[in-house]
Amino acid sequence: MHINRKSLIGPTSSAQLDGEELEHTGEYKYLGMWLNENLDPSSQWEMVSSKTLKHLYLIKQLKRAGFAEDILVNIYRSLCLSTIAYSAPLLGACNKQTKQEIQHLQHRILKIIGITDEMAKEKYNISHTTDFIDATCQNILSRILKDNNHAITSNLQRTSTRTRSFPFVVPKCRTSEYRDSFLPRTIRQLRDIAAANS
């Protein structure tokens, strides 16, 4: 797989390892995350959506069987929200339409369970999916930044802690794909939260 913002490297170019030509692929699954040459998170959402739709059918059948509301909510959390949480670093970079699709799917499941989005928030602390994805990414990156030996932490440029409430500089982004990706997007969010709380 070739990732190049200028598209100078095409699928026809070859790479070799120990004299063997490597197979070219436009998409690659690594630790449950679908990566592609365009840094487009839509492949990840297609996988999450496919899994979640299967769980939607299960929740519908359990609702018909008379399972209680709180049990159905726990099943939704365990089967669906956990998949969204794991995929959050990629899903956070989705476009507005895809984020609406993610929220719509949650809305459908909550409707099957028999609760509104507002009830889910007040009674079960289930947020809008965009807020949930952002909060998950912030928690992941906060844990990483506490580890000075982590590759991300050690490679980030730091500001003066005396003058800044957040000690890291947002990486320079030459493309919208990188700007909206996990690291720069979440650093901006953490910086803004720190500034608001200072």
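As a starting point, this report considers the structure included with it. These numbers were taken from a predicted model, which means no experiment stands behind them. (Residues numbered from 1 in each chain as written. Predicted model: local features only at pLDDT ≥ 70, side-chain atom pairs only at ≥ 80, totals over all residues. Heavy atoms only, no water.)

**As for the overall build of the chain**
- In terms of regular secondary structure, the chain is built from eight helices and four strands.
- Moving toward the C terminus, one meets the helices and strands of the chain in the order β-β-β-β-α-α-α-α-α-α-α-α.
- Carbon and sulfur atoms provide 50% of the accessible area of the chain, an area that totals close to 12600 Å². (Helix = DSSP H or I, 4+ residues; strand = E, 2+ residues; numbered from the N terminus. Areas by Shrake-Rupley, 256 points an atom, 1.4 Å probe, with all protein chains shown as cover.)

**A short note on the pattern of salt bridges**
- Overall, the coordinates contain three salt bridges when judged by the stated rule.
- Taking the shortest distance from any N to any O, the salt bridge between glutamate 69 and lysine 123 comes out at 2.8 Å. Here glutamate 69 is found in helix 2 (residues 69–91), whereas its partner lysine 123 is found in helix 4 (residues 117–124), with 54 residues between them in sequence. (Salt bridge = Lys/Arg side-chain N within 4 Å of Asp/Glu carboxyl O.)

**Here we look at the side chain of threonine 186**
- Within the secondary structure, threonine 186 sits in helix 8 (residues 182–197).
- The contact partners of threonine 186, leaving out residues within four places of it in the chain, are Cys137, Gln138 and Leu141. (Contact = heavy atoms within 4.5 Å.)

**A closer look at the nonpolar core**
- In terms of nonpolar packing, the biggest core is built from 40 residues, with Ile59, Tyr76, Leu91, Ile113 and Leu141 touching the most fellow members.
- Elements represented by at least two residues in this core include exactly helix 1 (42–64), helix 2, helix 3 (96–113), helix 4, helix 5 (129–145) and helix 8.
- Counting residues per element, this core draws most heavily on helix 2, at nine residues. (Core = buried A, V, L, I, M, F, W, Y, C linked by side-chain atoms within 4.5 Å. Buried < 20%, exposed > 50% of the residue type's maximum accessible area, 1.4 Å probe, protein only.)

**Looking at helix 1**
- In a regular helix each residue adds 1.5 Å, so 23 residues correspond to 33 Å; helix 1 covers 33 Å between its end C-alpha atoms and thus fits that length.
- Among the residues of helix 1, Ser43, Gln44, Trp45, Met47, Val48, Ser49, Thr52, His55, Leu56, Ile59 and Leu62 are the ones counted as buried.
- Just beyond helix 1, the residue with positive phi is glycine 66, at close to 95°. (Expected span 1.5 Å × (residues − 1).)

**Some points on a negative patch on the surface**
- Among the surface-exposed residues, Glu27, Asp40, Glu46 and Glu177 lie close enough to one another that they form a single negatively charged patch.
- Looking at the secondary structure, you find glutamate 27 in strand 3 (residues 27–30).
- Under the relative-accessibility criterion, glutamate 27 is labelled partly exposed at 35%. (Patch = residues over 30% accessible without salt bridge, like charges linked within 9 Å, V, L, I, M, F, W, Y side chains within 5 Å. Lys, Arg positive; Asp, Glu negative; His and termini not counted. Charge placed at Lys NZ, Arg CZ, Asp CG, Glu CD.)

**A word on the packing of helix 1 against helix 2**
- One can describe the packing of helix 1 onto helix 2 by two numbers: an axis separation of 10 Å at closest approach and a directional angle of 175°. Taken together, the axis directions place helix 1 and helix 2 in an arrangement best described as roughly antiparallel. Residue-level inspection shows Gln44, Trp45, Met47, Val48, Lys51, Thr52, His55, Leu58, Ile59, Leu62 and Lys63 of helix 1 in contact with helix 2, the latter providing Leu72, Ile75, Tyr76, Leu79, Cys80, Thr83, Ile84, Ser87, Leu90 and Leu91.
- Across the contact of helix 1 with helix 2, the residue classes break down as 14 nonpolar, five polar and two charged. (Axes fitted to C-alpha atoms, helices over the stretch in contact; angles between N-to-C directions. Parallel < 35°, antiparallel > 145°, perpendicular 65-115°, else oblique. Nonpolar A, V, L, I, M, F, W, Y, C, P; charged D, E, K, R; others polar.)

**Topic: helix 5**
- Along its 17 residues, helix 5 runs 24 Å from first to last C-alpha, staying within 8% of the 24 Å computed at 1.5 Å per residue.
- Along helix 5, the positions that sit buried rather than exposed are Thr129, Ile133, Asp134, Thr136, Cys137, Gln138, Leu141, Ile144 and Leu145.
- The inward-facing, buried residues of helix 5 abut helix 2, helix 3, helix 6 (151–155) and helix 8.

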